[in-house]
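Remarks on the overall topology
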Amino acid sequence: MSNASGIESVAVVGAGLMGSGIAESVAVAGFPVVLRDVDEVSVGRARDRIESSFTRAVAGGKLDAGQAGLARERIELTTDLEAIAGADLVIEAVPENLDLKLEVMRAIDRAAEDDCVIGSNTSSIPIAELAQAVHVPERVLGLHFFAPVPVMRLVEIVVALDTSASTLTRATAFVEELGKSAIETKDRSGFIVNMLLIPYLMAAVRMYAEGFASREDIDAGMKLGCGHPMGPLTLCDFIGLDVVYAISDSLVEEFKAHEYAPPPLLKRMVASGRLGRKSGRGFYEYE
Ligand code: 3HC
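Calculation rules
- Residues numbered from 1 in each chain as written.
- Predicted model: local features only at pLDDT ≥ 70, side-chain atom pairs only at ≥ 80, totals over all residues.
- Heavy atoms only, no water.
- Helix = DSSP H or I, 4+ residues; strand = E, 2+ residues; numbered from the N terminus.
- Rg over C-alpha atoms; globule rule 2.2 N^0.38 Å.
- Buried < 20%, exposed > 50% of the residue type's maximum accessible area, 1.4 Å probe, protein only.
- Near = heavy atom within 4 Å.
- Polar contact = N/O pair within 3.5 Å; in protein donor to acceptor, adjacent residues only side chain to side chain.
- Areas by Shrake-Rupley, 256 points an atom, 1.4 Å probe, with all protein chains shown as cover.
- Nonpolar A, V, L, I, M, F, W, Y, C, P; charged D, E, K, R; others polar.
- Phe/Tyr/Trp six-rings, centres within 6.5 Å; stacked < 30°, edge-to-face > 60°.
- Pairing = 2+ DSSP bridges.
- Axes fitted to C-alpha atoms, helices over the stretch in contact; angles between N-to-C directions.
- Expected span 1.5 Å × (residues − 1).
- Contact = heavy atoms within 4.5 Å.
- Salt bridge = Lys/Arg side-chain N within 4 Å of Asp/Glu carboxyl O.
- Core = buried A, V, L, I, M, F, W, Y, C linked by side-chain atoms within 4.5 Å.

**Here we look at the overall build of the protein**
Counting its secondary structure elements, the protein contains 11 helices and 8 strands. For 287 residues, the compact-globule estimate of 2.2 N^0.38 gives 19 Å, and the protein sits close to it at 19 Å. Along the longest, intermediate and shortest principal axes, the C-alpha atoms of the protein span 60 × 45 × 35 Å. The buried share of the protein, reckoned over its 287 residues, is 48%.

This is the structure we're talking about:
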């Protein structure tokens, strides 16, 4: 093994926005990666998403056409879960649903090698719970990426009760090999970033729901006044209101504190399919 992590090939299970972004970053860093989803439609969407991201990266001068071509060749898109066998690191990135994640962790455990590291990209489910679905929980930890993954440099490494020191060392080295920065956090809801971000986003939703200010002014306030790249309501739309709601709910469940509670408006928006950019409307409307 030539690199510090000892990780030479990667598999990502779940090819949504996060999974395809993770696979793209892994491929750009030079690793072969299997990206798996359940059907051809999901795989096709992931292919298109990755393709348009490469186009953006080339247009922005982040990659040249040759590098993008090589990275593209390193990504194997598949619906076959057996294709993850042989990966030194498997990253779970399926939707934020406990039963689904447990089922996928069990399937990864059956298909993957005994000594591979298993990372979950969950933003709200205890890693300790997911690790119980695997017969060697010492190999499991959280690898929490940020959207858009090819642009955001951070990965939160979530150390669960059973995570071994060697799993942590390998994962930390791998994040560096990806060209990203790792921060280490314990296994509790929100980790570091969402623990700070979600109360802020919920305060913005409450401000809007109460009619205190317009959506544009709330967003302009934080964009122009504090230098954030996006205002909080635009950011909610970007992350997905269902995802923001799920994280908020898990913080309330964990800490029983009102400051994390999703405002009723957020629940109604999710119920009516206003999920943000991905569904065409949220706090704003999208093409
Ligand atoms: N690959 C590589 N680089 C890319 C790229 C790609 N696919 N797409 C864009 N870039 C680069 C651009 O070249 C540009 O680089 P530069 O600043 O050096 O010129 C930079 O990224 C910004 O891109 P654009 O100028 O095209 O786009 P914007 O200026 O509109 O920025 C944004 C878009 C990066 C999304 C910015 O609005 C942003 O940072 N928003 C905040 C995102 C954020 O907060 N994410 C975290 C969400 S929380 C989360 O994910 C956790 C979960 O648990 C909820």
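**Digging into the site of the ligand**
Around the ligand sit 20 residues in total, of which Ser53, Arg56, Lys62, His144 and Ala147 are the nearest. Contact between the ligand and histidine 144: an oxygen atom at 2.8 Å from a side-chain N or O atom of the residue. Asparagine 194 has a polar side-chain atom sitting 3.1 Å from an oxygen atom of the ligand. For the ligand, whose free accessible area comes to 1,100 Å², the fraction covered by protein is 66%. Those elements that provide at least two residues to the shell around the ligand are helix H2 (40-59), helix H7 (193-209) and helix H9 (232-239). With 3 residues, the top contributor of residues to the shell around the ligand is H2. When grouped by side-chain class, the residues that make up the shell around the ligand number 13 nonpolar, 5 polar and 2 charged.

**With respect to the packing of aromatic side chains**
According to the stated counting rule, one finds 3 aromatic pairs in the structure shown. Both rings, one in tyrosine 208 and one in phenylalanine 283, keep their centres 5.6 Å apart while their planes meet at 85°; by these two values the pair is edge-to-face. Residue tyrosine 208 is located in helix H7, and its partner phenylalanine 283 is located in the segment after helix H11 (264-271); the two are separated by 75 residues in the primary sequence.

**A word on the sheet that holds strand S4 (residues 89-92)**
Judged by pairing direction, the sheet is mixed, and its 8 strands sit side by side in the order S3-S2-S1-S4-S5-S6-S7-S8 without closing on themselves. The open sheet terminates on both sides in strands that have one partner only, identified here as strand S3 (75-78) and strand S8 (181-186). The average undirected angle you get between the axes of adjacent strands in this sheet is 25°. Bridge count between strand S7 (residues 154-159) and S8: 6 bridges; the pairing is parallel. Paired with glutamate 156 across the bridge in S8 is isoleucine 183.

**Notes on helix H10 (residues 241-255)**
Owing to its 3.6 residues per turn, the α-helix aligns residues three or four sequence positions apart on the same side. For H10, which comprises 15 residues, the first-to-last C-alpha distance of 21 Å matches the rise-based estimate of 21 Å (1.5 Å per residue) to within 8%. Inspection of H10 places Leu241, Val244, Tyr245, Ile247, Ser248, Ser250 and Leu251 among the buried residues, and these make up the whole buried set. Packing partners of the buried residues in H10 comprise H7, H9 and H11. Backbone geometry just downstream of H10 places lysine 256 in the positive-phi region, at approximately 50°.

**With respect to the environment of alanine 261**
Secondary-structure assignment places alanine 261 in the loop between H10 and H11. Distance in space between the C-alpha atoms of alanine 261 and serine 250 is 9.3 Å, their sequence separation being 11 residues. If near-sequence neighbours (up to four positions away) are discounted, alanine 261 is found in contact with Met202, Arg206, Ser248 and Val252.

**Some thoughts on the pattern of salt bridges**
Opposite charge on two side chains makes pairing possible when the charged atoms of those side chains draw close. A full pass over the atoms with the stated rule returns 7 salt bridges. Across the salt bridge formed by arginine 72 and glutamate 51, the nearest N and O atoms sit 2.8 Å from each other. Taken together, the residues arginine 72 in helix H3 (residues 65-74) and glutamate 51 in helix H2 connect sequence positions 21 residues apart. Among the residues examined, arginine 72 registers a relative accessible area of 37% and is labelled partly exposed. Notably, a salt bridge pairs lysine 101 with glutamate 96, separated by 3.4 Å at the nearest N-O pair. Connected through shared salt-bridge partners, Glu92, Glu96 and Lys101 make up one network.

**Observations concerning the nonpolar core**
By size, the foremost hydrophobic cluster in this structure holds 34 residues, and its most contacted members are Val10, Val12 and Leu143. Setting aside residues no more than four positions away along its own chain, valine 12 makes contact with Gly19, Ile22, Ala23, Val33, Val34, Leu35, Arg36, Ile91 and Ala93. Ranked by size, the runner-up nonpolar core spans 27 residues in total, among them Val34, Ala107, Ala131 and Phe191.

**Concerning the side chain of serine 42**
As for its position among the elements, serine 42 is in helix H2. Overall, serine 42 belongs to the buried group, its relative accessible area being 14%. With residues near it in sequence (within four places) discarded, serine 42 still touches Ala15 and Asp37.

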